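One letter stands for each residue in the lines below.
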Amino acid sequence: MPERNKLRFAVLVDGKLLKKWQADSIQLLVAENHSELVGFIQNGTTSKSKHSVSVGFKSIYKNIDHSGPLQLVEWDKTFSSPKIYHFSPEQKGISNYLLKEDLETLASLQLDFILRFGFGILKGEVLDIPKFGVWSFHHGNPRKYRGGPAGFWEIFNGDDITGSILQQLNEKLDQGLIIKEGFFKTIDHSYKANLFHVLEETASWPSIAVKAIVHNNQEQLQLKSVEEKGKLYKVPSNWTVLRFLYKVLSNKISFHMHRLFKAEKWNVGRVNQSIEELVTKPMAPIKWLNEAPKNTYYADPFGWNNKEILLELFDYKTSKGSLKVLDTNSGKISNLLENQTHYSYPFSIIESGKKYILPENYKSDQLKLYEVDDNLKVLETHKLLDGPWIDPTLFKKDEKWWLSCMHQSSPKENLYLFYAEKVEGPYLPHVLNPVLTDIRSARPAGTPFMVNKKIIRPTQNCARTYGGSVVLKQIEKLSPTEFEELVIKEILPQKGRFSEGLHTVSANGSEILVDGKRYHFNFWNFLNQLKASINKGKN
């Protein structure tokens, strides 16, 4: 299928300044070479907001303004010789409508879409003139949070998740159609960190949306409606700001106390059940292995048969993991892979009678696939990717090998896909990378498997805590230019000693391997976290 030509777009602005994250969003569109910036449409009407802003919120915002993604930049100097159009909309109530002559000018530009970074609430014919409409960000999950300020009320309400959408505007206020959405872990001990994270991570979304249109030759956007309408929030009062500051301080103390005094103690368990049964049946009782020695833990179990289990042994003294193999008959543990950098997640497969191990080794800045013999000695090594990749997971569909993984820059939220004709590669990136942004179900959590000719992908739910539970997702669309999946079910930790988390579900012959966690105090974790905090303070 031939690709579309470049998409023509313009940007709506109120003045000569943009926030850096907005300028970055435009630059990514231009840099990808799939779109053409026709010009900037500047609002010629100067109207002050009728909404009063409390002194308390002003003081919070003042401390974070003009830095990072909120740094103000002059767009007419950032982009070379941009064409500028001056429109003066007519205000009716709280909405803005373009005048007839401006609508005619806009139609003559033959735009594919408009990116809105100004003009307030926009209604009328302007929404229908560009082929793919007017695009606008809303930093908040519209099913729960309408209005603003972005990233504030999620912390105030103790919500684990901060959502965001890129929407196509329509006549209904706060009910735009979703082009792309994502869900982030709420950073509840810092409003600045929470806001900055969401702004920076979403800047690339218009570029990803354009690539989906171009590479899939779309004549219309694949849109989702917002069925639930969330509460309308406004700028907080002074009293609310005081309560907010108290909550942030409490969260900050809790955050640091948790890091210092509550180390994770993972352990591996076995389940007498096939992995395919998880789709329709509850998980059978877990039989836990003996815990790892003091100052260490076992996690990330994989295997090919019931005779041996590949796993990570993490050592708090060295803050480093190594890979081991457990003989399930004798209970003997021997070395598998070990070097000066951290190893974990020894994903394992068999292809054409050959055994392969694909471990995480992100600190080496390379992703390598190891072919091993029956004694688990390395026969050959294949470099699949450069870069710090997390939890690499392989599966085969339609004669292609697919590699799903996370990048160290966003290890719990952004899913990346790569594909190849052979398991050894070479691997090419998916056009829409990252294909998914979701703290609840992006990160791989074990062996993908097939049920009713559909790939089921175990994923981690890290919204409440790292590795809080496993979510099974069914892949609905998968090609080098498409990706879509839906949630099948969530598997929660079982009650007992390791009830604080579950982040691996893998097939090992006729059984399932899992891991679970509990918390405990560990001196070496305390020392390492204290050193890290001191070093961060110095920097």
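First, a word on scope: everything that follows refers to the structure included in this document.

Conventions and cut-offs
The residue numbering used here restarts from 1 in each chain and proceeds along that chain's sequence as written. Residues qualify for local features only when their pLDDT is at least 70, as the model is predicted, and side-chain atom pairs are given and counted only at 80 or more; totals for whole chains, interfaces and linings, by contrast, use all residues. Side-chain descriptors were evaluated using all non-hydrogen atoms of the structure, hydrogens and water having been removed beforehand. Lining residues are those with an atom within 4 Å of a point, where the points come from a 1 Å grid over the protein atoms alone and group into cavities, where a 1.4 Å probe fits but cannot get out, or pockets, open sets with protein on both sides within 12 Å along at least five of seven lines. Grid points are joined across faces, edges and corners, and a volume is the space filled by probe spheres set on the points. Strands are runs of DSSP state E lasting at least 2 residues, helices are runs of H or I lasting at least 4, and numbering of each runs from the N terminus. When residue character is reported, Ala, Val, Leu, Ile, Met, Phe, Trp, Tyr, Cys and Pro are called nonpolar, Asp, Glu, Lys and Arg charged, and the others, Gly included, polar. Here the aromatic set is Phe, Tyr and Trp, taking the six-membered ring for Trp, and pairing holds for ring centres within 6.5 Å; pairs whose planes are under 30 degrees apart are stacked, those over 60 apart are edge-to-face, and all others are tilted. Here the term buried applies to any residue with accessible area under 20% of the maximum for its type, exposed to any over 50%, and partly exposed to those in between, with areas from a 1.4 Å probe on protein chains only. Definition used: whenever NZ (Lys) or CZ (Arg) falls within 6 Å of the ring centre and also within 35 degrees of the ring normal, the charge is taken to sit over that ring.

## Quick notes on empty space enclosed by the protein
No. 1: Tallied over the full model, the rule gives 2 cavities of 30 Å³ or more.
No. 2: For the largest cavity, the calculated volume is near 60 Å³.
No. 3: If you go around the largest cavity, you meet 13 residues; those closest to its centre are His 139, Tyr 145, Gly 147, Pro 149 and Glu 154.
No. 4: The set of elements that each furnish at least two residues to the lining of the largest cavity consists of strand S11 (145-147) and helix H5 (153-156).
No. 5: Broken down by element, the lining of the largest cavity gets its largest block of residues, 3 residues, from S11.
No. 6: When grouped by side-chain class, the residues that make up the lining of the largest cavity number 5 nonpolar, 6 polar and 2 charged.
No. 7: Taken as a whole, the second largest cavity spans an internal volume of roughly 40 Å³.
No. 8: Lining the second largest cavity, in full, are Tyr 343, Pro 359, Asn 361, Gln 366, Leu 367, Lys 368 and Tyr 370.
No. 9: For the lining of the second largest cavity, the per-class residue count stands at 4 nonpolar, 2 polar and 1 charged.

## Focus on the packing of aromatic side chains
No. 1: Tallied over the entire structure, the rule returns 33 aromatic pairs.
No. 2: Geometrically, the ring pair formed by Phe 152 and Tyr 191 is edge-to-face, given 5.9 Å between the ring centres and 85° between the ring planes. Taken as a pair, Phe 152 in the loop between S11 and H5 and Tyr 191 in helix H6 (residues 191-202) lie far apart in primary sequence, 39 residues in all.
No. 3: Centre to centre, the rings of Trp 389 and Tyr 416 are 5.4 Å apart; their planes meet at 70°, and the pair counts as edge-to-face. On the criterion of sequence distance, the pair formed by Trp 389 in strand S25 (residues 389-397) and Tyr 416 in strand S27 (residues 414-420) is long-range, its members being 27 residues apart. Both residues of the pair, Trp 389 and Tyr 416, count as buried.
No. 4: Connected via pairs of aromatic rings, a cluster forms that spans Phe 57, Tyr 61, Tyr 145, Phe 152, Trp 153, Phe 156, Tyr 191, Tyr 233 and Phe 244.
No. 5: When the ring centre of Tyr 97 is taken as reference, the NZ or CZ atom of Lys 92 above it lies at 5.0 Å.
No. 6: Residue placement shows Lys 262 over the ring face of Tyr 519; its charged tip is 4.8 Å from the ring centre.

All we've got here are geometric facts, nothing functional implied.
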